[in-house]
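Coordinates in review
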Amino acid sequence: MEPRESWAALAAGGVAGVCVDLILFPLDTVKTRLQSPQGFRKAGGFHGIYAGVPSTAIGSFPNAAAFFITYENVKSMLHHGSTSYLTPATHMVAACLGEVVACLVRVPSEVVKQRAQVSPSSSTLRILSHTLYHEGIQGLYRGYKSTVLREIPFSLVQFPLWESLKDLWSWKQGHVVDSWQSAVCGAFAGGFAAAVTTPLDVAKTRIMLAKAGSSNASGNVLAALGGIWRTQGLSGLFAGVVPRMAAISLGGFIFLGTYEKTRQLLL
């Protein structure tokens, strides 16, 4: 992959990340409060719907940029000499590695954002300083494993499906898809991936919001899933599935469409 292509992937990914995260922030807040152990109303309901937005605004660009520069470079390296039937596997590996790298930026931002979303009376800076004072750097990486375990299955579904839908549409119409068509493929792929990975998202939310010293604070994903299943059953595991699907379908449209369009303009 040429340096110009790498810089285009980095810049386009960052722009796409900022656009989608800021536009869909209210939906994300609603989803987080629905998944909160204290319940939707006690977590703030519809009050302070933009609580935690500074954390998202700061983290969005480097997070998405880190994902796409890793994704495109790994995809480029693995494509050399690989046969067509291995293409989905190439996209899976590239997406997984992209998520592992991106989560190094995403998790601290997500921890602060989600704590602000369920405590709208506290400022983002106050929550950040409180977390660092009481839990140290490891407090900002609370839920790293659960986030990676959520994002990898999500990307294993979303990105191969997105790439396959683009290839199918390109083949049907006889030319490469436009950015809006890529966005439509992204919406479908994102919505489907969001639905099947909701239990992992609920577990991640519970771990990030857990009080220091509680059982969920240890970061054990299976234990968190088991606890949710015992106390709330299937409905608890799929708490917030509708706003999550809505947000990620719309997010997939904006994110992947913006990425493709910006990348085309830069190349």
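Note: the structure precedes this text.
In what follows, the accompanying structure is described. (Residues numbered from 1 in each chain as written. Predicted model: local features only at pLDDT ≥ 70, side-chain atom pairs only at ≥ 80, totals over all residues. Heavy atoms only, no water.)

**Points about the overall build of the chain**
- In terms of regular secondary structure, the chain is built from 11 helices and zero strands.
- Along the chain, helices and strands appear, N-terminal first, in the series α-α-α-α-α-α-α-α-α-α-α.
- Taken over C-alpha atoms, the radius of gyration comes to 18 Å for the chain, in line with the 18 Å a tight globule of 267 residues would show.
- If one aligns the C-alpha atoms of the chain with their principal axes, the spans along those axes are about 55 × 35 × 30 Å.
- For the chain, the proportion of its 267 residues judged to be buried stands at 52%.
- When the accessible area of the chain is evaluated, it comes to approximately 12,500 Å², of which 68% is carbon and sulfur surface.
- Seen as two clouds, the 22 positive and the 14 negative side-chain charges of the chain have centres 13 Å apart. (Helix = DSSP H or I, 4+ residues; strand = E, 2+ residues; numbered from the N terminus. Rg over C-alpha atoms; globule rule 2.2 N^0.38 Å. Buried < 20%, exposed > 50% of the residue type's maximum accessible area, 1.4 Å probe, protein only. Areas by Shrake-Rupley, 256 points an atom, 1.4 Å probe, with all protein chains shown as cover. Lys, Arg positive; Asp, Glu negative; His and termini not counted. Charge placed at Lys NZ, Arg CZ, Asp CG, Glu CD.)

**Some words on the packing of aromatic side chains**
- This structure, assessed with the given rule, holds 13 aromatic pairs.
- Seen in terms of ring centroids, Phe-68 and Phe-159 are 6.3 Å apart; in terms of plane orientation they differ by 75 degrees. Their pairing is edge-to-face. Pair noted here: Phe-68 is in helix H3 (residues 53–79) and Phe-159 is in helix H7 (residues 144–173), with a separation of 91 residues, a long-range link. In this pair, the class of Phe-68 matches that of Phe-159, namely buried.
- Between Tyr-71 and Phe-159, the aromatic rings sit 5.0 Å apart at their centres with planes inclined by 50 degrees, giving tilted as the arrangement. Residue Tyr-71 is located in helix H3, and its partner Phe-159 is located in helix H7; the two are separated by 88 residues in the primary sequence. Each member of the pair, Tyr-71 together with Phe-159, is buried. (Phe/Tyr/Trp six-rings, centres within 6.5 Å; stacked < 30°, edge-to-face > 60°.)

**A word on the layout of surface pockets**
- One number sums up the size of the largest pocket: a volume of about 530 Å³.
- Those elements giving two or more residues to the lining of the largest pocket turn out to be helix H5 (124–135) and helix H9 (198–209).
- The greatest single-element share of the lining of the largest pocket, amounting to six residues, is contributed by H5.
- Tallied by class, the residues present in the lining of the largest pocket amount to seven nonpolar, eight polar and five charged.
- If you add up the space inside the second largest pocket, you get close to 250 Å³.
- Taken together, 16 residues form the lining of the second largest pocket, with Glu-163, Lys-166, Val-176, Val-177 and Glu-260 sitting closest to its centre.
- Broken down by secondary-structure element, the contributors of at least two residues to the lining of the second largest pocket are H3, H7, helix H8 (179–196) and helix H11 (241–266).
- Broken down by element, the residue count for the lining of the second largest pocket peaks at five residues, all from H7.
- Residues of the lining of the second largest pocket, tallied by class, amount to four nonpolar, four polar and eight charged. (1 Å grid on protein atoms, 1.4 Å probe; cavity = no way out; pocket = protein on both sides within 12 Å on 5 of 7 lines; lining within 4 Å. Points joined across faces, edges and corners; volume = space filled by probe spheres on them. Nonpolar A, V, L, I, M, F, W, Y, C, P; charged D, E, K, R; others polar.)

**With respect to the nonpolar core**
- By size, the foremost hydrophobic cluster in this structure holds 21 residues, and its most contacted members are Phe-68, Tyr-71, Phe-159 and Phe-255.
- The element best represented in this core is H3, accounting for five residues.
- In this structure, Val-221, Ala-224, Leu-225 and Ile-228 belong to the second largest nonpolar core, which totals nine residues. (Core = buried A, V, L, I, M, F, W, Y, C linked by side-chain atoms within 4.5 Å.)

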